Amino acid sequence: MSQESPDSTDEQRGLLAQRLREAREYVGLSQEDVAAVLGVKRTAVTHIEAGSRKVEAVELDKLSQLYGKTVQFFLTGESLAEDTRVAFLARATHGLSDKDFEELGRFAEFLRSSGKTKRRGP
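Rules and cut-offs
Residues numbered from 1 in each chain as written. Predicted model: local features only at pLDDT ≥ 70, side-chain atom pairs only at ≥ 80, totals over all residues. Heavy atoms only, no water. Salt bridge = Lys/Arg side-chain N within 4 Å of Asp/Glu carboxyl O. Helix = DSSP H or I, 4+ residues; strand = E, 2+ residues; numbered from the N terminus. Patch = residues over 30% accessible without salt bridge, like charges linked within 9 Å, V, L, I, M, F, W, Y side chains within 5 Å. Areas by Shrake-Rupley, 256 points an atom, 1.4 Å probe, with all protein chains shown as cover. Axes fitted to C-alpha atoms, helices over the stretch in contact; angles between N-to-C directions. Parallel < 35°, antiparallel > 145°, perpendicular 65-115°, else oblique. Contact = heavy atoms within 4.5 Å. Nonpolar A, V, L, I, M, F, W, Y, C, P; charged D, E, K, R; others polar. Buried < 20%, exposed > 50% of the residue type's maximum accessible area, 1.4 Å probe, protein only. Arc of directions from axis to C-beta.

Give me the pattern of salt bridges: which residues, what numbers.
Tallied over the entire structure, the rule returns six salt bridges. A salt bridge links arginine 106 to glutamate 103, with the shortest nitrogen-to-oxygen separation between them at 2.6 Å. Placement of the pair is arginine 106 and glutamate 103 together in helix 7 (residues 98-114), with a separation of three residues, close to one helical turn. Residues arginine 112 and glutamate 109 are paired through a salt bridge, measuring 2.7 Å at the closest nitrogen-oxygen approach. A residue pair is termed a helical-turn pair when its members lie 3 or 4 positions apart in one helix, as arginine 112 and glutamate 109 do in helix 7 at three residues. Several salt bridges share partner residues, and in doing so they unite Arg24, Glu25 and Glu49 into one network.

Could you give me a rundown of a nonpolar patch on the surface, with the residues and numbers involved?
A cluster of nonpolar side chains, contributed by Leu96, Phe101, Leu104, Phe107 and Phe110, occupies part of the molecular surface with about 470 Å² of accessible area. If you trace the backbone, leucine 96 turns up in the loop between helix 6 (81-93) and helix 7.

Just give me the short version of the packing of helix 2 (residues 31-38) against helix 3 (residues 42-50), but keep the residues and values in it.
Taken N-terminus to C-terminus, the directions of helix 2 and helix 3 make an angle of 105°; their axes are 8 Å apart at the nearest point. As the angle between them shows, helix 2 and helix 3 are arranged roughly perpendicular. Across the interface between the two elements, Gln31, Glu32, Val34, Ala35 and Leu38 from helix 2 touch Arg42, Val45, Thr46 and Glu49 from helix 3. Across the contact of helix 2 with helix 3, the residue classes tally to four nonpolar, two polar and three charged.

An account of helix 2 is needed here, citing residue identities and associated values.
Turning to helix 2, its buried residues are Gln31, Val34, Ala35 and Leu38. End-on, the buried residues of helix 2 take up no more than an arc of 100°, which puts them together on one face. Those residues of helix 2 that are exposed and angled more than 90 degrees off the buried face are Glu32 and Ala36.

Give me the lowdown on the environment of lysine 54, citing residues and values where you can.
Position of lysine 54 among the secondary structure elements: in the loop between helix 3 and helix 4 (57-67). With a relative accessible area of 60%, lysine 54 lands in the exposed category. Between the C-alpha atoms of lysine 54 and leucine 16, which are 38 residues apart in sequence, the distance is 9.8 Å. If we skip the residues at most four places from it in the chain, lysine 54 touches Arg13, Ile48 and Glu59.

Here is the structure:
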């Protein structure tokens with residue numbers, strides 16, 4: 001089992017904090033929005049994004065789902081091509097009414113059934 005230096009741990013925490021902040025901003029959520037999802041105060045999100053508060057595993061899992069990124073991305077910076085598509089859709093649909101969201105779903109189903117889109121993977 002390898003031990004990392006305190007400097008390395010601090011650097012990793014800083015990079016994690018930066019990735020979390022950038023992902024939140026990218027999908028257009030406020031710190032208040034994120035705090036509500038996590039069930040914490042907004043100041044806790046501020047401290048997480050500053051790297052001065054550790055992120056619990058359960059919180060990181062919730063954030064990865066909220067931001068449409070993998071936990072692996074937040075920990076290492078490695079990203080899958082699908083991540084950018086999910087993030088784009090999160091931004092594009094943010095603020096839609098339930099009715100509009102349902103209409104968007106119907107349109108996506110129409111595109112799939114009409115053969116206008118190519119199927120990618122399972």
